[in-house]
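In case you want the letters, here they are:
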Amino acid sequence: MKKSNKRHEEHEEHADESWLLPYSDLMTLLLALFITLFSMSSVDAKKFEEMSQALSSALNGGTGVLEHSSSYDAGSGADLGKNKSPSSNPNTATDAALAKKEQEDLERLKKQLDDYIDKNGLTNQLDTKLNQSQLMITIADNALFASGAADVKPEAKVLAKNISRMLEQFPSYDVIVTGHTDNMPISNYKYTDNWDLSSDRALNFLKIVLQNSKLDPSKFTPSGYGEYHPVESNATAEGRAKNRRVEISIIRKYNGETKTTNVQ
């Protein structure tokens, strides 16, 4: 019996495509790297965590270089961010708290002064005003000095010491004491002009405030403005009386940090 020759079909030759697998993995890894670098330009710790976990799962089943992303230090990452919100700055929060405390302190001091003024019937001679830069105490000159003189009246020394005791509760503030006059020329045996008179009045009153007190003299500055900072017109007797004054200004440290309103 004649054996039949079985013809074997020749298999078609194909090119080896196994190189595509590592190439594909390489492209995926590069893509992941670029995404990671891009996200770190404005890094957010929570988003970085979520992204790295997702990439780890997609690339190698949750294992590999990104699997330890949970150890990412949010504190060090914060240094990489360039668009941090001002509200996240600890100094800003601290300053706001200090400004709030300052406002409360000055309002309390103003109330003490106002109560003292009302109790002693001094509403026509003393006034207080709190604004965004300072707490100012204004004292009419006739409550402190005789006309054309700079010696503090005996009864005014009591006022000076009471103000001193109130200021001792808030010793960290800078205080400016300024003397003012009207524009009427002065010429006597001691003073040749209003500048000299206003300077001596401020200094003499300040010395009484500091005498035997716990206040730090380096925090206080006396100054004489003469007739050059009027608050009213010098054309009337009433206006000139208001211009003759001594002002005690307790200066804010955080002016502009919080919005405050004038408190009369």
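The structure this text deals with has already been given above.
Each chain has its residues counted from 1, following the order in which its sequence is written. Given that this is a predicted model, residues contribute local features only at a pLDDT of at least 70 and side-chain atom pairs are listed and counted only at 80 or more, while totals for whole chains, interfaces and linings are drawn from all residues. Hydrogens and waters are ignored; side-chain quantities use all the structure's heavy atoms.

Enquirer: Mind showing me how you'd approach the overall build of the protein chain here?
Expert: Along the backbone of the protein chain there are 7 helices and 5 strands. In this text, helices come from DSSP runs of H or I with a minimum length of four residues, and strands from runs of E with a minimum of two, each type numbered from the N-terminal end. Going from N to C terminus, the protein chain has its helices and strands arranged as α-α-α-α-β-β-α-β-α-β-α-β. Relative to its 264 residues, the protein chain shows a buried fraction of 31%. Whether two residues touch is decided by their heavy atoms; if any such pair falls within 4.5 Å, the residues are in contact. The contacts of the protein chain with a sequence gap of at least 6 include a subset with a gap of at least 24, amounting to 69%. We call a residue buried when its accessible area falls under 20% of the maximum for its residue type, exposed when it is over 50%, and partly exposed in between, using a 1.4 Å probe and counting protein chains only.

Enquirer: So what exactly am I meant to see when it comes to the packing of aromatic side chains here?
Expert: Given two aromatic rings, their pairing is described by the distance between the two centres and the angle made by the two planes. Centres within 6.5 Å make a pair out of two Phe, Tyr or Trp rings, where for Trp the six-membered ring is used; the pair is then stacked when the planes are under 30 degrees apart, edge-to-face when over 60, and tilted otherwise. On inspection of all chains with the given rule, the structure shows 1 aromatic pair. Ring centres of Trp195 and Tyr228 lie 5.0 Å apart, and the angle between their planes is 50°; on these two criteria the pair is classed as tilted. Residue Trp195 is located in helix α6 (residues 194-210), and its partner Tyr228 is located in the loop between β4 (220-226) and α7 (237-243); the two are separated by 33 residues in the primary sequence. The class for Trp195 is partly exposed, based on a relative accessible area of 46%. Two thresholds decide whether a charge sits over a ring: the Lys NZ or Arg CZ must be within 6 Å of the ring centre and within 35 degrees of the ring normal. Sitting above the plane of the Tyr173 ring, Lys253 keeps its charged end 5.4 Å from the centroid.

Enquirer: Looking at this structure, I do not really get unusual backbone geometry. What am I missing?
Expert: Excluding glycine, residues mostly carry a negative phi; peptide bonds, for their part, are mostly trans. Phi at Asn212 takes a positive value of approximately 55°, unusual for a residue other than glycine. Within the secondary structure, Asn212 sits in the loop between α6 and β4. A relative accessible area of 77% places Asn212 in the exposed class.

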